[in-house]
Amino acid sequence: MAQLIDGKALAKKTRGNVKEIVEKMKTKPGLAVVMVGDDPASKIYVSSKEKACIEVGMYSEKVILPENTSEEEVLKTIHRLNNDKKINGILVQVPLPKHLTESVIIDAICVEKDVDCFHKYNLGQLLVADEHTNANELIVPCTPKGIIEMIESTGQSIAGKKAVVVGRSNIVGKPIAILLLEKNATVTVCHSRTKDLKAETLTADILVAAVGRPNFITGDMIKKGAIVIDAGINRTDKGIVGDVDFVQCSQVAGYITPVPGGVGPMTIACLIENTLLLAKKGASLKK
Ligand code: NDP
């Protein structure tokens, strides 16, 4: 039976560390979350982010714009937040309504406030990072950052391991593959055109699922003793389930993350950590 990687407990610890630092800061870091429309799932995420911010003593601003807001109006909001000294990090909740072009909105966030590393400049920085890069300077996307912390919490070394990532989105699949490569894993990225997915996943010492399909990874796709990380959040009649069939896979894996209570809370804790990092970077630039 696999050992549980407790994302909730790890996230609590991370938030506690951030809180201790924030308490000593004269100017509190600030996070703005922008949401367009009223998608119920996005609403829950935005509220959790606001709650975490307040818990650690940070300034939080939630901007909720109506579904039919024009691109120009959304951009105006982003520009206002770019120029607001109270705000160190800006996050635009995705998905956005269809009439808005995600890349245009994301590109408008100034790179110094791009708290989830959505901007192509920051993603490029992540790609070229090496041993000379100051870890405190680099902004790492929140979900992949949390995933690395969860893998490392097992005490197992990533170096030399075979890692398989299922999914290649810009916010989860691609950046986690880069981070695992940076940690010296041998990485395979799978997607909807992968010919024999099971043959790939069965080779994985570390398996990351970011597919968006409930219970997609089954027990017979897992190598015995593997570290299995489930990024999926899928709403079903039976509640929220991951991309990994937890019941089956926990019989085979060595370590596994639950859903809920795994990658989700760690993503929010990393968002808070990144806001603090950006605030510190901003303060040192002013000196
Ligand atoms: P996307 O929909 O952007 O990407 C899904 C990926 O899965 C694509 O690369 C797609 O391949 C691949 N895929 C789809 N079907 C198959 C298949 N049959 N076989 C192999 N690969 C397949 O999703 P995201 O990366 O944004 O999100 C993934 C999951 O993670 C979702 O459940 C989402 O809710 C969750 N999530 C959780 C977060 C958290 O905070 N915990 C944060 C962000 C996301 P292709 O590219 O070929 O289409």
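The structure reproduced in this document is the subject of the present report. The written sequence of each chain sets the order in which its residues are numbered from 1. The predicted nature of this model means local features are confined to residues of pLDDT at least 70 and side-chain atom pairs, given and counted, to a pLDDT of 80 or more, with totals for whole chains, interfaces and linings taken over all residues. Calculated side-chain values reflect all of the structure's heavy atoms, with hydrogen atoms and water omitted.

**Quick notes on the side chain of Ser42**
- Examined against the element boundaries, Ser42 turns out to sit in helix 2 (residues 40-55).
- The cut-offs for exposure are 20% and 50% of the maximum accessible area for each residue type, with area from a 1.4 Å probe on protein chains only; residues under the lower value are buried, those over the upper are exposed, and the others partly exposed. The exposure class assigned to Ser42 is buried, which follows from its relative accessible area of 4%.
- Here Ser42 is in contact with Met35, Gln93 and Val94, once residues within four sequence places are set aside. By the criteria applied, helices consist of DSSP H or I runs no shorter than four residues and strands consist of E runs no shorter than two, each listed in order from the N terminus. The criterion used for residue contact is that any of the two residues' heavy atoms lie within 4.5 Å.

**Considerations on the nonpolar core**
- In this structure, Met58, Ile147, Ile151, Leu180, Val208 and Ile229 are the most contacted members of the largest nonpolar core, which totals 54 residues.
- In terms of residue count, the dominant contributor to this core is helix 10 (residues 263-286) (11 residues).
- Setting aside residues no more than four positions away along its own chain, Val208 makes contact with Ile147, Val164, Val165, Val166, Ile176, Leu180 and Ile229.
- Membership of the second largest hydrophobic core comes to 20 residues, among which are Val36, Ile90, Val94 and Phe118. We call a set of buried residues a nonpolar core when its members are Ala, Val, Leu, Ile, Met, Phe, Trp, Tyr or Cys and they connect through side-chain atoms within 4.5 Å of each other.

**A few points about the sheet that holds strand 11 (residues 255-256)**
- Strands sit in the order 1-11-8-7-5-6 across an open sheet of 6 strands; the sheet is parallel. The sheet is open, and its two edges are formed by strand 1 (3-4) and strand 6 (186-190), each paired on a single side.
- In this analysis, strands are considered paired if DSSP registers two or more bridges between them. Pairing between strand 5 (residues 162-166) and strand 7 (residues 206-209): 4 bridges, direction parallel. Within strand 7, the position partnered with Val164 by the bridge is Leu207.
- Every axis in this analysis is a line fitted to C-alpha atoms, fitted for helices over the stretch in contact. Angles between the N-to-C directions lie between 0 and 180 degrees. Most of the contacts of helix 7 (residues 173-182) go to strand 5, to which it runs at about 170 degrees, and overall it touches strand 5, strand 6 and strand 7.

**Side note on the site of the ligand**
- As a structural note, the neighbourhood of the ligand is formed by 22 residues, with Arg168, Ser169, Ser192, Ala231 and Ile233 the closest of them.
- One of the backbone N or O atoms of Ala231 is found 3.2 Å from an oxygen atom in the ligand.
- Interatomic distance of 3.0 Å between a backbone N/O atom of Ile233 and an oxygen atom of the ligand.
- Note on areas: Shrake-Rupley with a 1.4 Å probe; residue coverage comes only from the protein chains shown. Coverage of the ligand by the protein amounts to 71% of the 930 Å² it exposes when considered alone.
- With 3 residues, helix 10 is the single largest residue contributor to the shell around the ligand.
- A per-class count over the shell around the ligand returns 9 nonpolar, 10 polar and 3 charged. Note on definitions. A residue lies near a molecule or strand when any single heavy atom of the residue is within 4 Å of it. N or O atoms within 3.5 Å of each other form a polar contact, as long as, within protein, one can give a hydrogen and the other can take it, and as long as residues adjacent in sequence are counted only when both atoms are side-chain atoms. Three residue categories are used. Nonpolar comprises Ala, Val, Leu, Ile, Met, Phe, Trp, Tyr, Cys and Pro, charged comprises Asp, Glu, Lys and Arg, and polar comprises the others, including Gly.

**So, the environment of Glu55**
- Structurally, Glu55 can be placed in helix 2.
- On the basis of relative accessible area, Glu55 is assigned to the partly exposed category, the value being 39%.
- Sequence spacing of Glu55 and Lys19 is 36 residues, and the spatial spacing of their C-alpha atoms is 7.8 Å.
- Those residues within four positions of Glu55 in sequence are excluded, and the remaining contacts are Arg15 and Lys19.

**Here we look at the environment of Ile222**
- Note on placement: Ile222 falls in the loop between strand 7 and strand 8 (227-230).
- Spatially, the C-alpha atom of Ile222 lies 8.9 Å from that of Asp205, the residues being 17 residues apart in sequence.
- In contact with Ile222, not counting residues within four places along its chain, are Leu202, Leu207, Ile217, Val228, Cys249, Val252 and Ala253.

**Digging into helix 6 (residues 142-152)**
- Across the 11 residues that make up helix 6, a large majority, 9, are buried.
- Restricting attention to buried positions, one finds in helix 6 the residues Cys142, Thr143, Pro144, Lys145, Gly146, Ile147, Ile148, Met150 and Ile151.

**Here's the deal with helix 2**
- Under the convention used throughout, the expected extent of a helix is 1.5 Å for every residue step, that is, one less than its residue count. A rise of 1.5 Å per residue sets the reference length of helix 2, with its 16 residues, at 22 Å; its end C-alpha atoms lie 23 Å apart and thus fit the reference within 8%.
- Where helix 2 terminates, the next one or two residues include Gly57, which has phi positive at roughly 85 degrees.

**Considerations on a nonpolar patch on the surface**
- What makes a patch is a set of residues exposed beyond 30% relative accessible area and free of salt bridges, joined within 9 Å when like-charged and within 5 Å when nonpolar (Val, Leu, Ile, Met, Phe, Trp, Tyr). Here a salt bridge means any side-chain nitrogen of Lys or Arg lying within 4 Å of a carboxyl oxygen belonging to Asp or Glu. On the surface, a cluster of nonpolar side chains totalling about 290 Å² of accessible area is made up of Leu4, Phe246 and Val247.
- Secondary-structure assignment places Leu4 in strand 1.

**Quick look at the sheet that holds strand 4 (residues 89-92)**
- Spatially, the 3 strands line up as an open sheet ordered 3-2-4, and their pairing is parallel. Only two strands of the sheet have a single neighbouring strand rather than two, namely strand 3 (59-65) and strand 4. In this sheet, adjacent strand axes meet at a mean angle of 15 degrees when their direction is disregarded.
- Examined bridge by bridge, strand 2 (residues 30-36) and strand 4 share 4 bridges and lie parallel to one another. From the neighbouring strand, Val33 faces strand 4, where its bridge partner is Leu91.
- Running over the sheet, helix 2 touches strand 2, strand 3 and strand 4 and is turned about 160 degrees from strand 3.

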